[in-house]
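Notes for the structure review
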Amino acid sequence: MSRIAEIDRKTSETEIFIRLNIDGKGESKLDYPVGFMSHMLKTFARHGLFDIEVRAKGDVEVDQHHIVEDTGIVLGQCFAKALGDKRGIRRSGSCIFPMDECLARAAADMSGRAFLFFDGQLTCAPFVCAADNGTQSEFQTDVIEDFWQAFVCAAGCNLHLEIIRGRSDHHKIEALFKAASRALRAACEHDERARDSIPSTKGVIPGFKSPGVMV
């Protein structure tokens, strides 16, 4: 069966639609107003071999926090919905990913329990990036942790993300997205030896919750 999910979330601050195919080819179709996050989502899709369609708009004139955090919520909800009862998946995965001077580590467990450990060693100094409309803007690097916190809460997963070493904030963030996507890809893959089993001694793993508004 195809593991595909769509979530359309609208609030007074943002409108975000995401379609996710876990068993994809790494293709992405993005209409996203924050250029650097668009690049990260494309990177996430490519390295995880997830097909992702994203349409998003929001109050970026206020700041980037609302739209980036809400994107994490909707993407996490899509993972939870697409995985269903998680029958037959490997459940956990990890990756150490090098990117030039940077080395990132990620470990994921689709346990139904939300927990994030994040040590991105980011300077939190914004850097200039291009938007999709060709203009330039500053990217607020501190929203990256907010994105992943929102993701784990919505997906119901345990995720550890850390930079082992690195200099460039751009490289640190991108390496974390690549490591996370490959760890999640491994966790979501089917285990051919246990196709009909729930990967837990409890016999059940908490699954998808109705996508209400998370504040």
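Residues numbered from 1 in each chain as written. Predicted model: local features only at pLDDT ≥ 70, side-chain atom pairs only at ≥ 80, totals over all residues. Heavy atoms only, no water.

**So, the packing of helix α3 (residues 143-155) against helix α4 (residues 169-188)**
Counted only if it meets this: Helix axes use the C-alpha atoms of the stretch in contact, all axes being lines fitted to C-alpha atoms, and the angles between their N-to-C directions lie in the range 0 to 180 degrees. The secondary structure listing takes helices from DSSP runs of H or I that are at least 4 residues long and strands from runs of E that are at least 2 residues long, numbered from the N terminus. Note on angle classes: values under 35 degrees are labelled roughly parallel, values over 145 roughly antiparallel, values of 65 to 115 roughly perpendicular, and the remainder oblique. Note on convention: the crossing is left-handed when the near helix lies turned anticlockwise from the far helix by less than a right angle, right-handed when the turn is clockwise. In this description, contact between two residues means that some pair of their heavy atoms is separated by no more than 4.5 Å. Side-chain classes follow a simple rule in which Ala, Val, Leu, Ile, Met, Phe, Trp, Tyr, Cys and Pro form the nonpolar group, Asp, Glu, Lys and Arg form the charged group, and the remainder, Gly included, forms the polar group.
Viewed as axis vectors pointing N to C, α3 and α4 meet at an angle of 15°, and their least axial separation amounts to 12 Å. One finds that α3 runs roughly parallel with respect to α4. Note that α3 runs across α4; the crossing there is right-handed. The residues of α4 that touch α3, namely those facing Ile-144, Phe-147, Trp-148 and Phe-151, are Ile-173, Phe-177, Ala-180 and Leu-184. Of the residues contributing to the contact of α3 with α4, the split by class is eight nonpolar, no polar and no charged.

**Digging into the sheet that holds strand β5 (residues 92-99)**
Note the threshold: Pairing between two strands requires that DSSP report at least two bridges joining them.
If you trace the four strands from one edge of the open sheet to the other, you get β5-β6-β10-β7, paired in mixed fashion. Lying at the two open borders of the sheet, with one neighbouring strand each, are β5 and β7 (115-119). For this sheet the average axis-to-axis angle between neighbouring strands, irrespective of direction, equals 10°. Examined bridge by bridge, β5 and strand β6 (residues 102-109) share eight bridges and lie antiparallel to one another. In the strand pairing of β6, Phe-97 is matched with Ala-104. Most of the contacts of α4 go to β5, to which it runs at about 150°, and overall it touches β5, β6, β7 and β10 (158-165).

**Digging into α4**
Basically, it comes down to this: Multiplying 1.5 Å by the residue count of a helix minus one yields the expected span of that helix. For every residue, the accessible area (1.4 Å probe, protein chains only) is compared with the maximum for its type, and the residue is labelled buried under 20%, exposed over 50%, or partly exposed between those bounds. In protein, a polar contact requires one atom able to donate a hydrogen and another able to accept it; more generally it is a pair of N or O atoms within 3.5 Å, and residues adjacent in sequence count only if both atoms are side-chain atoms.
In a regular helix each residue adds 1.5 Å, so 20 residues correspond to 28 Å; α4 covers 28 Å between its end C-alpha atoms and thus fits that length. α4 sits mainly inside the fold: 16 of its 20 residues count as buried. At the N-terminal boundary of α4, the capping side chain belongs to Ser-168, with an oxygen 3.2 Å from the backbone nitrogen of His-170.

**Concerning the environment of Thr-14**
Along the chain, Thr-14 turns up in strand β2 (residues 14-21). For Thr-14, a relative accessible area of 2% gives the class buried. In this structure, the C-alpha to C-alpha distance between Thr-14 and Phe-115, residues 101 residues apart in sequence, is 25 Å. Residues contacting Thr-14, with those up to four places away along its chain left out, are Arg-9, Lys-57, Gly-58, His-66, Ile-67 and Asp-70. A polar side-chain atom of Thr-14 sits 2.6 Å from a polar atom in the side chain of Asp-70.

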